Each structure stands twice: as C-alpha cells, then as structure tokens.
Amino acid sequence: SCPGGAANDQNALLSSVRAAMTRPDQKLVLVLVSAGPIPITNLEDYDAVLYAWLGGQAAGYGVADVIWGAVSPSARFPVTVVHPSSGWMGVFSEST
C-alpha cells in the first residue's frame, strides 16, 4: 500500500471525478505512469486504462495522441496484466 493512505485518496479523487461527470458522452480514461505493478480493483469505473510506463520528456504528447486517436497503441505490451479476481494480486502484498 502507499504511505499515508495515498492509494485510498487517489481512489476517492477518481470516484469524485466520475460522480462530477454530467454528460453521458463524457469518458473517464485512467492513465497510469509507473515502472511497476499497480493494483487496481475498480476497473469497471473507467472507460479505458492506458499504462504509459515511464515515457520520458515527450510522453505527454504520446499519451495525448493515443487518447485522441491520432495513433494506435498497437497492443504491444511486454508484460501480463492480471485481473484482481485471478488471485495473482497476492503477489503484490504489503510485505514486498
């Protein structure tokens, strides 16, 4: 878990963003920027999830191009992403 409950604060923030969306055509895209696994238990709250890794100085432009449809992310992902219900999330326990 994150020190100081930061993960819970982020989930609360994202929930409040979703609640504030008033038009049915609005979409909520979760963009993850990290070099490691991040357990996400509420995937159904997002219309899309984009894992941007650590893209460097121009990552923002690349993320924007993917979100706005200018380029395809090509589905080339070098790791496996597991759903929390698979039981594999136990690998990422607090003891690691």
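Predicted, not measured: the structure shown is a model, and the values here were computed from it. (Residues numbered from 1 in each chain as written. Predicted model: local features only at pLDDT ≥ 70, side-chain atom pairs only at ≥ 80, totals over all residues. Heavy atoms only, no water.)

J.: Is there a simple way to explain the pattern of salt bridges in this structure?
T.: Any two side chains of opposite charge can pair, so long as their charged atoms come close to each other. The final tally for this structure, using the stated rule, is two salt bridges. Here arginine 18 ties to aspartate 47 by a salt bridge, and the two come within 3.2 Å at their closest N and O atoms. Taken as a pair, arginine 18 in helix H1 (residues 6–20) and aspartate 47 in the loop between strand S1 (29–32) and strand S2 (48–51) lie far apart in primary sequence, 29 residues in all. Residue arginine 18 is classed as partly exposed on the basis of its relative accessible area, which comes to 28%. Relative accessible area serves as the criterion here: at 40%, aspartate 47 is assigned to the partly exposed category. Residues arginine 23 and aspartate 25 are paired through a salt bridge, measuring 3.0 Å at the closest nitrogen-oxygen approach. Given the relative accessible area of 51%, aspartate 25 is considered exposed. (Salt bridge = Lys/Arg side-chain N within 4 Å of Asp/Glu carboxyl O. Helix = DSSP H or I, 4+ residues; strand = E, 2+ residues; numbered from the N terminus. Buried < 20%, exposed > 50% of the residue type's maximum accessible area, 1.4 Å probe, protein only.)

J.: Explanation requested: a nonpolar patch on the surface in the structure shown.
T.: On the surface, a cluster of nonpolar side chains totalling about 620 Å² of accessible area is made up of Val29, Val31, Val33, Leu54, Ile67 and Trp68. Counting through the fold element by element, leucine 54 comes out in the loop between S2 and helix H2 (59–67). Of the residues examined, leucine 54 reaches a relative accessible area of 59% and is grouped as exposed. (Patch = residues over 30% accessible without salt bridge, like charges linked within 9 Å, V, L, I, M, F, W, Y side chains within 5 Å. Areas by Shrake-Rupley, 256 points an atom, 1.4 Å probe, with all protein chains shown as cover.)

J.: Can you help me understand the packing of aromatic side chains in this one?
T.: Given two aromatic rings, their pairing is described by the distance between the two centres and the angle made by the two planes. Tallying each qualifying case throughout the model produces one aromatic pair. Plain terms: the ring middles of tyrosine 51 and tryptophan 53 are 4.9 Å apart, the flat faces sit at 45 degrees to each other, and that makes the pair tilted. On the basis of relative accessible area, tyrosine 51 is assigned to the buried category, the value being 19%. Judged by its relative accessible area of 28%, tryptophan 53 falls in the partly exposed class. (Phe/Tyr/Trp six-rings, centres within 6.5 Å; stacked < 30°, edge-to-face > 60°.)

J.: For this particular structure, what's the right way to read the nonpolar core?
T.: Generally speaking, a soluble globular protein has its nonpolar side chains buried in company with each other. Ranked by size, the top nonpolar core spans seven residues in total: Met21, Leu28, Leu30, Leu32, Ile40, Tyr46 and Tyr51. With sequence-adjacent residues up to four places away left out, leucine 30 is seen in contact with Leu14, Ile40, Tyr46, Ala48, Val49 and Leu50. (Core = buried A, V, L, I, M, F, W, Y, C linked by side-chain atoms within 4.5 Å. Contact = heavy atoms within 4.5 Å.)

J.: It is not clear to me how the confidence of the model for the protein should be interpreted in this structure. Could you clarify?
T.: Keep in mind that low pLDDT regions are not for reading the predicted coordinates in detail. With 68% of its residues at a pLDDT of at least 70, the protein reaches an overall mean of 76. Per-residue pLDDT, averaged within each element of the protein, yields its smallest value for H1 (78) and its largest for H2 (90). (pLDDT = per-residue confidence, 0-100.)

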